[in-house]
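# A closer look at the structure
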Amino acid sequence: MPTSTTHTAYFILAEALTNAVKHSGASSVRVRLSREAETLRIDIRDNGVGGVSTNGGAGAGLRGVIDRVDVLGGKLTVDSPRNHGTRLTVDLPCA
């Protein structure tokens, strides 16, 4: 796996776990990493308060995740309905 993908994956995990602890009020967080062909999938779910937005109001941490995923040509999906937790799914290219 390219070093930039490894570093980006580490940053995403650290940021997601930090946000879950500091902001979500979650009592649990699930992290799953999988690789299929040339894609690394990072799936992080918490059972916190949800309500995360990527539309202009993203905090510096989430903005950093978005930027790093974009630089690698990856894909980020955020599902965060209010009062139902947050799920980040990231697909990063890897060889």
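Read on for a plain summary of the structure. Computed from a prediction, not measured in an experiment: that's the story for all the values here.

### Re a nonpolar patch on the surface
Residues Leu17, Val29, Val31 and Leu33 make up a contiguous nonpolar surface patch of about 300 Å² in total accessible area. Broken down by element, the residue count for the nonpolar patch peaks at three residues, all from strand β1 (residues 29-36). Note that Val29 resides in strand β1.

### Comments concerning the nonpolar core
In this structure, Ile12, Ile42, Ile44, Val69, Val90 and Leu92 are the most contacted members of the largest nonpolar core, which totals 15 residues. Taken together, the elements giving at least two residues each to this core come down to α1 (3-24), β2 (39-46), α2 (60-71) and β4 (86-93).

### Focus on the packing of aromatic side chains
For any pair of aromatic rings, the description rests on two quantities: the centre-to-centre distance and the angle between the ring planes. The full count for this structure, using the stated rule, is zero aromatic pairs. When the ring centre of Phe11 is taken as reference, the NZ or CZ atom of Arg68 above it lies at 3.6 Å.

The rules we used
Residues numbered from 1 in each chain as written. Predicted model: local features only at pLDDT ≥ 70, side-chain atom pairs only at ≥ 80, totals over all residues. Heavy atoms only, no water. Patch = residues over 30% accessible without salt bridge, like charges linked within 9 Å, V, L, I, M, F, W, Y side chains within 5 Å. Areas by Shrake-Rupley, 256 points an atom, 1.4 Å probe, with all protein chains shown as cover. Salt bridge = Lys/Arg side-chain N within 4 Å of Asp/Glu carboxyl O. Helix = DSSP H or I, 4+ residues; strand = E, 2+ residues; numbered from the N terminus. Core = buried A, V, L, I, M, F, W, Y, C linked by side-chain atoms within 4.5 Å. Buried < 20%, exposed > 50% of the residue type's maximum accessible area, 1.4 Å probe, protein only. Phe/Tyr/Trp six-rings, centres within 6.5 Å; stacked < 30°, edge-to-face > 60°. Lys NZ or Arg CZ within 6 Å of the ring centre and 35° of its normal.

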